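Understanding the architecture of this molecule
The residues making up each chain are set out below.
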Amino acid sequence: MKRKRLYNDIFRTILVIVTSTVYSLAVIWFLEPANLISTGITAIGQILNRAFGLGGITIPIGVFSLIFNIPLWIYGMKTVSKRFVIYSVLSILVQSFWLMGWDWINVDFGINPNDRFFLGVIAGLVCGSSIGLALRYGASTGGFDIIAQALALKKNISIGMFSTIINVLLAIIAGGIIEHSWDITLYTFIFIILSNLVVDKIHTAYNYLRVDVISNHADEVAQALLDGIQRGCTIATVKGAYTKEEKYDIFMIISSYELQKAADIIRTTDPGAFMTVSPIKRIFGKFFKHTIV
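Criteria and thresholds
- Residues numbered from 1 in each chain as written.
- Predicted model: local features only at pLDDT ≥ 70, side-chain atom pairs only at ≥ 80, totals over all residues.
- Heavy atoms only, no water.
- Phe/Tyr/Trp six-rings, centres within 6.5 Å; stacked < 30°, edge-to-face > 60°.
- Helix = DSSP H or I, 4+ residues; strand = E, 2+ residues; numbered from the N terminus.
- Expected span 1.5 Å × (residues − 1).
- Buried < 20%, exposed > 50% of the residue type's maximum accessible area, 1.4 Å probe, protein only.
- Arc of directions from axis to C-beta.
- Patch = residues over 30% accessible without salt bridge, like charges linked within 9 Å, V, L, I, M, F, W, Y side chains within 5 Å.
- Areas by Shrake-Rupley, 256 points an atom, 1.4 Å probe, with all protein chains shown as cover.
- Salt bridge = Lys/Arg side-chain N within 4 Å of Asp/Glu carboxyl O.
- Pairing = 2+ DSSP bridges.
- Axes fitted to C-alpha atoms, helices over the stretch in contact; angles between N-to-C directions.
- Contact = heavy atoms within 4.5 Å.
- Left-handed = near helix turned anticlockwise from the far one by under 90°.
- Nonpolar A, V, L, I, M, F, W, Y, C, P; charged D, E, K, R; others polar.

**Re the packing of aromatic side chains**
A full pass over the atoms with the stated rule returns six aromatic pairs. These aromatic residues form a ring-pair network of at least three members: Phe 97, Trp 98, Trp 102 and Trp 104.

**What about helix H8 (residues 182-202)?**
Taking 1.5 Å per residue, 21 residues should reach 30 Å; H8 reaches 30 Å between its end C-alpha atoms and fits that length. Those residues of H8 that sit buried are Ile 184, Thr 185, Thr 188, Phe 191, Ile 192, Ser 195, Asn 196, Val 198 and Val 199. Viewed end-on, H8 has its buried residues packed into an arc of 155°, placing them on one side of the element. Every exposed residue of H8 that faces more than 90 degrees away from the buried side is listed here: Trp 182, Leu 186, Leu 197 and Lys 201.

**Some details on a nonpolar patch on the surface**
A contiguous nonpolar surface patch, about 550 Å² in accessible area, is contributed by Leu 6, Tyr 7, Ile 10, Ile 14, Val 18 and Val 22. Note that Val 22 resides in helix H1 (residues 2-31).

**Some remarks on the pairing of strand S2 (residues 234-239)**
Summarising the sheet, S2 and strand S3 (residues 246-255) pair through six bridges and their orientation is antiparallel. Counterpart to Thr 234 in the pairing with S3 is Phe 251. In this antiparallel pair of consecutive strands, S2 and S3, the connection spans six residues, and Lys 244 shows a positive phi of 65°.

**What about unusual backbone geometry?**
Within the chain, Asn 35 stands out as a residue other than glycine whose phi angle is a positive 65°. Here Asn 35 lies in the loop between H1 and helix H2 (40-54). Positioned with a positive phi, Lys 244 is a non-glycine residue whose angle comes to about 65°. Looking at Lys 244, the relative accessible area reads 53%, which means it is exposed.

**Thoughts on the pattern of salt bridges**
Scanning the entire structure with this criterion turns up four salt bridges. For the salt bridge of Asp 183 with Arg 116, the shortest nitrogen-to-oxygen distance reads 2.8 Å. Of this pair, Asp 183 sits in helix H8 while Arg 116 sits in helix H5 (residues 116-136), and the two are 67 residues apart along the sequence.

**Points about the sheet that holds S3**
Pairing in this open sheet of four strands is antiparallel, and the strands run S2-S3-S1-S4 from one edge to the other. Strand pairing shows two members of the sheet lacking a second neighbour, S2 and strand S4 (274-280), which therefore form its edges. For this sheet, the mean inter-axis angle between neighbouring strands, taken without regard to orientation, is 25°. Examined bridge by bridge, strand S1 (residues 208-215) and S3 share eight bridges and lie antiparallel to one another. Opposite Asp 212, over in S3, you have Phe 251 as the bridge partner. The sheet contacts of helix H9 (residues 218-229) involve S1, S2 and S3, and relative to S3 the element is tilted by about 10°.

**Things to note about the environment of Trp 102**
As for its position among the elements, Trp 102 is in the loop between helix H4 (82-98) and H5. Sequence separation between Trp 102 and Pro 60 is 42 residues; the distance between their C-alpha atoms is 9.4 Å.

**Points about H2**
The end-to-end C-alpha distance of H2 is 22 Å, a good match for the 21 Å that 15 residues give at a rise of 1.5 Å each. Positive phi appears at Gly 56, one or two residues downstream of H2, with a value of about 80°.

**Describing the packing of H9 against helix H10 (residues 259-269)**
For the pair H9 and H10, the least separation of the axes is 10 Å and the interaxial angle reads 145°. For the pair H9 and H10, the crossing hand works out as right-handed. Seen from H9, the contacting residues are Glu 220, Val 221, Ala 224, Leu 225, Gly 228 and Ile 229; seen from H10, they are Lys 261, Ala 262, Ile 265, Ile 266 and Thr 269. Of the residues assigned to the contact of H9 with H10, the class counts are seven nonpolar, two polar and two charged.

Right under this line is the structure:
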């Protein structure tokens, strides 16, 4: 068990470093040349970077990213989980490094900076995939992801919906107010919407699923699921229409974030079990949302 946890921690650490690097490079290579802004704290860093730049003061985006994430880390420790925030801290440190304005990072892809639609689409796909992958495996790219995760846990608010509202406001401030260019704002909207659609498609931690397991070993399977998932389940007696053989249906409601773990437990406990998964639109009653650990 300890070895498995160690491997899991190593995997998440590598994932955080990779996704944070890819996210940061997408900001540098695709958004900045087009004068578009990113999302969350990075967007705030870009806005302040440009605002100070108008006065001849150059402060790297990475500095703002680091400063503004500190209170969010404290909030996340209390509302999500310490492990989730630890990965968020690592992510922000990686992002801050890349966003310090190093000249050697800049790469000329030969793309016209005025082709904001193309750059916004590419950035949306890359950034959305990075954020979604990090969240899917219990990590984070930091910033407003921490608040969004807390709201998803406590208020059942879509992470994509929360991020869209906040980032639309930032786009209006950056493009319409600071840059005096609604063109920039509108193309940033395209980036934001596409990015959050990708996040919600990849990160489905709080979509509900019903798992049905047909097995002859109901007690063993049920106990293994109780121990491994920490969720209640129900056992019903069923009968095969063809064989007339009586078996048991062990069914439970989980989040899709827990599906792979449930499948592994079932295969290990009863390799001959028949398992089906079906989506659940809505749940009424008590359903505990586990924190990301």
